[in-house]
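Coordinate analysis (summary)
Okay, here's what each chain looks like letter by letter:
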Amino acid sequence: MAKIRISLALSLATLASGFLLAACENPNPSSSTGNSTTSPTATTTTSDTKGLKIGSLLPTTGDLASIGQQMVGSVPLLVDTVNACGGVNGEKVSLVQVDDQTDPKAGAAGMTKLATLDKVGGVVGSFASSVSTAAVSVAVPNKVMLISPGSTSPVFTDKAKKGDFKGFWARTAPPDTYQALALAQLARKKGFKRVSTVVINNDYGVGFEKAFVETFEKLGGTVINKDKPIRYDPKAQTFDTEATAAFAGKPDAVLGVLYAETGSLFLKAAYQQGVTKGVQILLTDGVKSPAFPDQVGKASDGKYILSGAIGTVPGSSGPGLENFNKLWKEKKGGSPGEYAPQTWDAAALLVLAAQAAKENTGVAIAGKIREVSAGKGTPVSDVCEGLKLLKAGKQINYQGASGDVDVDANGDVIGTYDVWTVGDDGKIKVIDKVSPK
């Protein structure tokens, strides 16, 4: 975990850069939140600071930008919806948006700004587990509630059990211990006995690798490079060595736990070496975006290199999903992308917890997260209905768009997973669901 001293060291630079960016940006406010992100690190907020203030810390640039850009619209949509039905604790909710650039240093700096300059009560973020690791080390001492819609590393569960987070951490996407189990079951179901792995060398990649190896071996499979794991540098730009090593030994399949930008370079290098022929490519949530097959590119016959690849991603099947999809289409057009429902739910939990506590502080919000998400109150999937009941002194059990979002003592939820594949036309489609058991 990034040390607190790193965030403190960054704070002065962050404050200075925040003022500089505020002076240089060209705001283009949209919707009732008055928010926009106009450059990689630009942040704007409303002038109304009397009510609840929340932040978002999500990647609109960097290695996970292709997915982060699908997520980021959920938070202002939630804030607009809440403000249209009366706000929280008698005031409108305001929002500060920060691009974490898929970079732990930028994430720590952004979280420092949100906590110390903007003084938010809660933050939706981040997506990359490595960025959330840096951000939570700032959130906890500053008593800001951090809810990630996509950081799935099992490391967070372990640290929560030790009490490291003091209740200021939760997530609306299940940890990779569950996804690894689901993917291992899928691999064995398809008859793969010998698999090798290649992962991005951070909390997400290494945590997933560990869980997958353990589960796949329990199911009777063999991970042929277990003793020589292939873990690539997140800043790497060439992958010839890693591609050769990952496909060595004639595995039935290669599991890639990757991010989109660097993952596309790895898969392209493997194809160009001719080692992918006859080997099944297994992928995870870190690369599932409509743009990813194009990033990897096409083969000489015109088909996409990723044609036939299969993967898993946390699914969305909550009671509130249908209404969320309708609202998204009405306000934004089209359909929400990956992790947009989880992002909506993370923001919803922040506002509902604040209303339940009748306070807008991080301490108050953290104290009510489990009560509004997994308590014995009235089940609600509409955030405005939930706020209405809470204002009347009732208890609720929020049932989200992504799932039931029953947050446990470690800040975790359990979910199901979509199985997806890439067609010859480069289109990604969901073909099945798998539940970890």
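That block above? That's the structure.
Scoring rules and cut-offs
- Residues numbered from 1 in each chain as written.
- Predicted model: local features only at pLDDT ≥ 70, side-chain atom pairs only at ≥ 80, totals over all residues.
- Heavy atoms only, no water.
- Helix = DSSP H or I, 4+ residues; strand = E, 2+ residues; numbered from the N terminus.
- Buried < 20%, exposed > 50% of the residue type's maximum accessible area, 1.4 Å probe, protein only.
- Contact = heavy atoms within 4.5 Å.
- Areas by Shrake-Rupley, 256 points an atom, 1.4 Å probe, with all protein chains shown as cover.
- Phe/Tyr/Trp six-rings, centres within 6.5 Å; stacked < 30°, edge-to-face > 60°.
- Lys NZ or Arg CZ within 6 Å of the ring centre and 35° of its normal.
- 1 Å grid on protein atoms, 1.4 Å probe; cavity = no way out; pocket = protein on both sides within 12 Å on 5 of 7 lines; lining within 4 Å.
- Points joined across faces, edges and corners; volume = space filled by probe spheres on them.
- Nonpolar A, V, L, I, M, F, W, Y, C, P; charged D, E, K, R; others polar.
- Disulfide = S-S within 2.5 Å.
- Pairing = 2+ DSSP bridges.
- Right-handed = clockwise from strand over helix to strand, strands pointing away.
- Arc of directions from axis to C-beta.
- Salt bridge = Lys/Arg side-chain N within 4 Å of Asp/Glu carboxyl O.

1. Brief notes about the overall build of the protein
Scanning the protein from terminus to terminus reveals 16 helices and 15 strands. Across the 437 residues in the protein, those meeting the buried criterion constitute 59%. Within the protein, residue pairs in contact and separated by at least 24 positions form 74% of the contacts whose partners lie at least 6 positions apart. Entry remark: accessible area of the protein is about 17,400 Å², with carbon and sulfur atoms responsible for 51%.

2. Thoughts on the packing of aromatic side chains
Under the counting rule described, the total for this entry stands at 11 aromatic pairs. For the ring pair F156 and F165, a centre distance of 6.3 Å and an interplane angle of 40° mean the geometry is tilted. We classify F165 as buried; its relative accessible area is 3%. A ring pair is formed by F212 and F216, whose centres lie 5.3 Å apart and whose planes are at 15°; its orientation type is stacked. With a gap of four residues between them, F212 and F216 both fall in helix α8 (residues 203-218), about one helical turn apart. F216 carries the same exposure label as F212, and that label is buried. Directly above the aromatic system of W328 lies the positively charged group of K332, at a separation of 5.4 Å from the ring centroid.

3. Looking at empty space enclosed by the protein
Counted according to the given criterion, the structure contains one cavity of 30 Å³ or more. The volume enclosed by the largest cavity comes to roughly 60 Å³. For the largest cavity, the full set of lining residues is L64, F127, A128, S129, G150, T152, Y204, Y259, D285 and G286. The class makeup of the residues in the lining of the largest cavity is five nonpolar, four polar and one charged.

4. Comments concerning the state of the cysteines
On inspection of all chains with the given rule, the structure shows one disulfide. Covalently, C85 is tied to C384 through a disulfide, its sulfur atoms 2.2 Å apart. Judged by the torsion about the S-S bond (-85°), the C85/C384 disulfide is left-handed. Separated by 299 residues along the polypeptide, C85 in the loop between α3 (74-84) and β2 (94-99) and C384 in helix α16 (residues 383-391) bring together distant segments of the chain. By relative accessible area, C85 is classed as partly exposed at 29%.

5. Re the pairing of strand β4 (residues 145-148)
By the alternation rule, side chains of β4 split into M145 and I147 and L146 and S148, which are all buried. Here strand β3 (residues 122-125) runs beside β4; their pairing, made up of three bridges, is parallel. Residue pairing in the sheet places G122 in a bridge with M145 of β4. Considered for its hand, the β-α-β crossover made up of β3, helix α5 (residues 129-139) and β4 is right-handed. Examined bridge by bridge, β4 and strand β5 (residues 169-171) share three bridges and lie parallel to one another. Each residue of the ladder has a partner; that of S148, found in β5, is R171. For the crossover that starts at β4, traverses helix α6 (residues 155-161) and ends in the parallel β5, the hand is right-handed.

6. A few points about helix α12 (residues 321-331)
Within α12, the full set of buried residues consists of L321, F324, L327 and W328. Mapping the buried residues of α12 onto a view down its axis gives an arc of 125°, with all of them on the same face. Turned more than 90 degrees away from the buried face of α12, the exposed residues are E322, K326, K329 and E330. In the stretch just after α12, G333 is the one whose phi turns positive, near 85°.

7. Here's the deal with unusual backbone geometry
For the peptide bond that leads from G125 to S126, omega is -15°, which places it in the cis range. Within the fold, S126 resides in the loop between β3 and α5. Of note in the backbone geometry, K119 takes a positive phi value of approximately 55° without being a glycine. Checked against the element boundaries, K119 lands in the loop between α4 (104-117) and β3.

8. Details of the environment of D252
As for its placement among the helices and strands, D252 is situated in the loop between α9 (240-246) and β9 (253-257). For D252, a relative accessible area of 30% corresponds to the partly exposed category. Here the alpha-carbon distance between D252 and G191, two residues 61 residues apart in the chain, equals 8.8 Å. Those residues in contact with D252 that lie beyond four places of it in its chain are F192, K193, R194, V279 and Q280.

9. Considering the pattern of salt bridges
As enumerated under the stated definition, the model contains 13 salt bridges in all. Note that K303 and D424 form a salt bridge whose closest N and O atoms lie 3.8 Å from each other. Taken as a pair, K303 in the loop between α11 (292-296) and β11 (310-314) and D424 in the loop between β14 (417-422) and β15 (428-434) lie far apart in primary sequence, 121 residues in all. For D424, a relative accessible area of 44% corresponds to the partly exposed category. The partner of E371 in a salt bridge is K368, and the shortest N-O contact between them spans 3.2 Å. Its relative accessible area of 28% is what places E371 among the partly exposed residues.

None of this, on its own, says anything about what the molecule does.
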